[in-house]
Amino acid sequence: MKIMISILGVLITSNVFAQVASGPANKTQTTDMVELVSLEKMPLPLPPGEADKMRKNTFVMAADGFSPLEKEPIMVKGFFNNMNAAKTYLARQNLANNQQNNAERSTPEVHKDLSTLKHGFKAASFSRGVLVVAAPSGTKLNDAWTGIDRFFQIDGAGSVRLSEVDLGATGGKFYMIKEAVNTRVHGKPAISKVFTGDDAQTIEEVVWVEGNKFYMLTFGPDLIPGTKTKAAPHITANLLAHELH
C-alpha cells in the first residue's frame, strides 16, 4: 500500500493545504521529498470554497502575524479528545497486559514509549514535553511502521501531538501549495495555521518536510482559568517545531 492514507486523512481534516502522492521507493533520496505547487496544480481539489478564499486572501491573521486564524470547533475539540483517548487506550492496554488477557487488549495500538513500537526511522527528539503515549501510523513495511504519532504534555503550557512519517520508505512525495507557505522550520518551507473552537480554546499547527520525513506538530495551549489568555504565551507551535532535532 503506497499512499499514506493516514497522512492524507489528517491533512484533509486539518486543512493545511498539502497532499501526499506515492511513487516508487527511493532509498537513496537526498533532497527534500516535497514539491511546492501553485493552487491550480494541486493533484487533488481543495475543499469547497477554500481555493476562492485563498485567492481572495480573506484569512484573518492570528496573533503571531503570519498564521491564518480559522474557526474550526470540531477540529479543536477532536484534538483534545484524541489526547484524552490516547491516555485512556494506554491505561486499558496496560490493564489488559497485566491481566494477560489478549481479548481485552485495546485498539488502536498504543505504547508508553518508542522502545516497544517498531519503526523504520529515527524519530525526532523533543525534550521540552513529557511523552504521554505513542502510536503507529503510515504503513507497515518489513514489520516496521513508516509513521509515528506521539502525544506530549508540557507542564504549564499545553499538549502536543507530533506526527512523523518516512516518505522515502514508500516513495511518497508531499505537495504543498506555495501560496499557503507562510513560515520556515529549520530553513524548510512550512505552513502554519491556528484554529479556534467554541470555548476560546485553540490549536496551532505547523506542517513541513525535511529530507525524507514529513512532520506535523499540533499544539493545544492551556488557558489561564476563566480567561481566553494562553498560560504560556511565549510558547507556540512554530517555536516547538524549531526545537525538534
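Residues numbered from 1 in each chain as written. Predicted model: local features only at pLDDT ≥ 70, side-chain atom pairs only at ≥ 80, totals over all residues. Heavy atoms only, no water.

### With respect to the packing of aromatic side chains
The criterion, for reference: Each Phe, Tyr or Trp ring, with Trp reduced to its six-membered ring, pairs with another whose centre is within 6.5 Å; inter-plane angles below 30 degrees give stacked pairs, above 60 give edge-to-face pairs, and intermediate values give tilted ones. Accessibility here uses a 1.4 Å probe with only protein chains present; expressed as a share of the type maximum, an area under 20% marks a residue as buried, one over 50% as exposed, and anything in between as partly exposed. A run of DSSP states H or I qualifies as a helix once it reaches four residues; a run of E qualifies as a strand once it reaches two. Both are numbered from the N-terminal end.
Counted under the stated rule, the structure contains 4 aromatic pairs. Consider the rings of F79 and F80, whose centres lie 5.0 Å apart with planes at 85 degrees: the pair is edge-to-face. Residue classification places F79 among the buried positions, given a relative accessible area of 2%. With 4.9 Å between their ring centres and 55 degrees between their planes, F174 and F214 make a pair best called tilted. In this pair, F174 sits in strand β8 (residues 173-177) while F214 sits in strand β12 (residues 213-221), placing the two residues 40 residues apart along the sequence. Each member of the pair, F174 as well as F214, carries the same accessibility label: buried.

### Structural notes on the confidence of the model for the chain
Inclusion rule: The pLDDT value tells you how sure the predictor is about a given residue, anywhere from 0 up to 100. Here a residue-residue contact requires only that any non-hydrogen atoms of the pair lie within 4.5 Å.
A residue-level look at the chain finds 82% of positions with pLDDT of 70 or above and a mean pLDDT of 85. Ignoring residues within four places in sequence, the model shows residues 1-13, a span with pLDDT below 50, making 31 contacts including any to other chains. A low-confidence stretch, residues 24-29 (pLDDT under 50), is modelled with 9 contacts involving residues beyond four sequence positions or located in other chains.

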